Amino acid sequence: MSTSLISAAKASVKRNGGAVLGSLRAYSARPAATQEGTDRRKVTTQTIKKLYADGKPISMMTAYDYPTAVACERAGVDVVLVGDSLAMVALGHKDTSQITMDEMIHHSRAVARGARSSFLVTDLPFGTYQSDVTAAVNNAVRMIKEGRAEAVKLEAGRRGASKIDAIAIGAGIPVVGHIGLTPQTAVALGGFRVQGKSVRNAQALVDDALALQDAGCLAIVLEAMPSLVAETITKLLRIPTIGIGAGSSTSGQVLVLSDMVGIFDRFTPKFCRNFADLGPRMVSAIGEYNDAVREGSFPEEGVHTYAMPAAAEDNWRAYVQQQFGIELGTTKASPLPKTADLDAVKSSS
């Protein structure tokens, strides 16, 4: 390469700085730092680790489809979780254990389309990782490849550490652990109950958390446990904790979107804060629509409708009158003639 070309290349790099390097570093396996359609840099595992190291709270929110994912994206949520809670809040099941792997993949793909810069974590549903290590790894791989997730979440304590190790270390897939109240096995826990209320049970949660950290978890969700227990775990670990009903000392927080905006009709957990009450507003809006349709005030001509050009409209009116014997109104069409009458009109024209 000539000296002049080398000089020009150096000048270009100096002039454009990181922009040039950024474009060179972006390829199919390493997307551009800034996602298309957003000015926010992509949240990655490194982003999460840096937030934790800097002592900055990590925000996580559930999403179940494209619209809820877009809402989380626009709100600037760090981590979007496709939780198996969608079995209850989106699909109407009585608990989370009934959702399938195919259904979770379906919803994860939809969320991935909307959550472009947030980090995407998806639950492995009940029955897809409990049996053996091979099933756990295969289903984790499937969730990444087919569900477009960037990490998987498993509800598991010490007994699941070997599977998390195989996924996180063996397969290189980021894993978020989940201890405390684990909804997939709530029946075995005696229902949706707070965990770790005794010294013995609190110590068991600490042991679970340490085991999951050693197995290679990126972070651990702590659900429904006393604040002091969650604080203890958070201070003992070297990875982030994400609390849900675990107090304010965790590294971050997560809520079920349907709970926090008031659109789940069965119950609202004690730990949930209602940031909006959209359920009644949705019912009211749908009721108004229903009334408007029945009374004929929707759609309103000229407001919610499309028109033909004036000349074409006149020609169409004349054509319809001649061909079918129908007089078109300006706001509401008259009923079509019966088939026999229409055939008579056609034969006489």
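Within every chain, residues take consecutive numbers counted from 1 along the sequence as written. Two thresholds apply to this predicted model, a pLDDT of at least 70 for residue-level local features and 80 or more for giving and counting side-chain atom pairs, whereas whole-chain, interface and lining totals are computed over all residues. Heavy atoms throughout the structure, all of them, feed into the side-chain values; hydrogens and water do not.

Q: Would you explain the pairing of strand 1 (residues 58-62) in this entry?
A: Regular strands place side chains that alternate from one sheet face to the opposite one. Relative accessibility under 20% of the residue-type maximum defines a buried residue, over 50% an exposed one, and the middle range a partly exposed one, all with a 1.4 Å probe and only protein chains included. In DSSP terms, a helix is any run of H or I states spanning at least four residues, a strand is any run of E spanning at least two, and both are numbered starting from the N terminus. For strand 1, a buried count of four out of five residues is recorded, marking the element as mostly surrounded by other parts of the structure. Here a strand pair is declared whenever DSSP counts at least two bridges between the two strands. Bridge count between strand 1 and strand 8 (residues 252-255): four bridges; the pairing is parallel. Considered in strand 8, the bridge of Met61 is made with Leu255. Across three bridges, strand 1 lies against strand 2 (residues 79-82) in parallel orientation. Note that in strand 2 the partner of Thr62 across the bridge is Leu81. Handedness of the crossover joining strand 1 and strand 2 through helix 4 (residues 66-75): right-handed. Handedness is read with the strands pointing away from the viewer; a crossover is right-handed when the path from the first strand over the helix to the second is clockwise.

Q: What is the right way to read the sheet that holds strand 4 (residues 151-155) from this model?
A: Taken together, the eight strands give a closed barrel; going around it, the order is 1-2-3-4-5-6-7-8, and neighbouring strands pair in parallel fashion. For this sheet the average axis-to-axis angle between neighbouring strands, irrespective of direction, equals 25°. Two strands pair when backbone bridges link them, and strand 6 (residues 219-223) and strand 7 (residues 241-244) are joined in this way by four bridges, in the parallel orientation. Within strand 7, the residue paired with Val221 across the bridge is Ile242. Fitted lines through C-alpha atoms serve as axes, helices being fitted only where they are in contact, and the angles separating the N-to-C directions of these axes extend from 0 to 180 degrees.

Q: I would appreciate a short explanation of the packing of aromatic side chains in the present structure.
A: Where two aromatic rings form a pair, the distance of their centres and the angle of their planes describe that pair. Aromatic rings from Phe, Tyr and Trp, taking only the six-membered ring of Trp, are treated as a pair when their centres fall within 6.5 Å; an angle between ring planes under 30 degrees marks them as stacked, one over 60 as edge-to-face, and anything in between as tilted. By the definition in use, this model includes three aromatic pairs. A centroid spacing of 6.1 Å and a plane angle of 70° characterise the contact between Tyr289 and Phe298, whose relative ring orientation is edge-to-face. Relative to Phe324, the ring of Tyr319 has its centre 6.3 Å away and its plane inclined at 90°; by these criteria the two rings are edge-to-face. Accessibility expressed as a relative area gives 22% for Phe324, which makes it partly exposed. Through pairs of rings, three or more aromatic residues link up here, namely Trp316, Tyr319 and Phe324.

Q: Help me understand the packing of helix 6 (residues 101-114) against helix 7 (residues 133-145), please; the structure alone is not making it clear to me.
A: To characterise two packed helices, one gives the angle between the axes of the helices and the distance between these axes. One can describe the packing of helix 6 onto helix 7 by two numbers: an axis separation of 9 Å at closest approach and a directional angle of 30°. Taken as axis vectors, helix 6 and helix 7 run roughly parallel relative to one another. At the point where helix 6 passes helix 7, the crossing takes the right-handed sense. On the side of helix 6, the interface is formed by Met101, Asp102, Met104, Ile105 and Ser108, while helix 7 contributes Asn139, Arg142 and Met143. Asp, Glu, Lys and Arg are counted as charged, while Ala, Val, Leu, Ile, Met, Phe, Trp, Tyr, Cys and Pro are counted as nonpolar; the rest, among them Gly, fall into the polar class. Among the residues forming the contact of helix 6 with helix 7, the class breakdown is four nonpolar, two polar and two charged. For classification, angles of less than 35 degrees are called roughly parallel, those exceeding 145 degrees roughly antiparallel, those between 65 and 115 degrees roughly perpendicular, and all remaining angles oblique. Crossing chirality is assigned from the near helix's rotation relative to the far helix, an anticlockwise turn below a right angle marking it left-handed and a clockwise turn marking it right-handed. Here, residues are in contact when the closest pair of their heavy atoms is within 4.5 Å.

Q: Help me understand helix 10 (residues 227-236), please; the structure alone is not making it clear to me.
A: Because the α-helix completes a turn every 3.6 residues, residues three or four places apart line up on one side. All buried positions along helix 10 are accounted for by Val229, Ala230, Ile233 and Thr234. The buried residues of helix 10 occupy an angular sector of 135° when projected down its axis, which confines them to one face. Away from its buried face by more than 90 degrees, helix 10 exposes Leu228 and Lys235. Buried residues along helix 10 sit in contact with strand 5 (175-180), helix 9 (199-215), strand 6 and strand 7. For this quantity, the arc is that covered by the directions from the helix axis to the C-beta atoms.

Q: Quick question: what am I supposed to make of the environment of Tyr52 here?
A: Considering the arrangement of structural elements, one finds Tyr52 in helix 3 (residues 45-53). Considering only alpha carbons, one finds Tyr52 and Ile239, 187 residues apart in sequence, at a separation of 7.5 Å. In protein, a polar contact means a hydrogen-donor-capable atom and an acceptor-capable atom, both N or O and within 3.5 Å, with residues adjacent in sequence counting only if both atoms are side-chain atoms; elsewhere, any N or O pair within 3.5 Å suffices. At 3.2 Å, the side chain of Tyr52 forms a polar contact with the backbone oxygen of Leu237.

Q: Explanation requested: the pattern of salt bridges in the structure shown.
A: Pairing of side chains with opposite charge becomes possible as their charged atoms draw close. Salt bridges are defined as contacts in which a side-chain nitrogen from Lys or Arg sits within 4 Å of a carboxyl oxygen from Asp or Glu. For the structure shown, the criterion picks out nine salt bridges. Residue Lys153 is joined to Asp123 by a salt bridge in which the shortest nitrogen-to-oxygen separation is 2.9 Å. On the criterion of sequence distance, the pair formed by Lys153 in strand 4 and Asp123 in strand 3 (residues 119-123) is long-range, its members being 30 residues apart. Lys153 sits in the buried class, given a relative accessible area of 3%. In this structure Asp123 comes out as buried when scored by relative accessible area, which is 3%. Of the charged contacts, one joins Asp208 and Arg158 as a salt bridge, the two residues approaching to 2.6 Å between their closest N and O atoms.

Q: When you look at the nonpolar core in this model, what are you seeing that I'm missing?
A: Burial of nonpolar side chains together is a common tendency in soluble globular proteins. Val152, Ile167, Ile220, Met225 and Ile233 are the most contacted members of the largest nonpolar core, which totals 58 residues. If you tally residues by element for this core, the top one is helix 9, at six residues. Sequence-distant contacts of Ile167, that is, excluding residues within four places in its chain, are made with Ala136, Val137, Ala140, Val152, Leu154, Gly172, Ile173 and Val175. Only buried residues count toward a nonpolar core, which is a set of Ala, Val, Leu, Ile, Met, Phe, Trp, Tyr and Cys residues joined through side-chain atoms within 4.5 Å. Counting residues in each nonpolar core, the second largest holds 16 residues, with Val43, Val79, Phe119 and Val221 among its members.

Q: How do you make sense of helix 6 when you look at a structure like this?
A: The length a helix should cover is 1.5 Å for every residue beyond the first. With 14 residues, helix 6 should reach 20 Å at 1.5 Å per residue; the first-to-last C-alpha distance of 20 Å fits that figure. Buried within helix 6 we find Met101, Met104, Ile105, His107, Ser108, Ala110, Val111, Ala112 and Gly114. On the buried face of helix 6, the contacting elements are helix 4, strand 2, helix 5 (86-89), strand 3 and helix 7.

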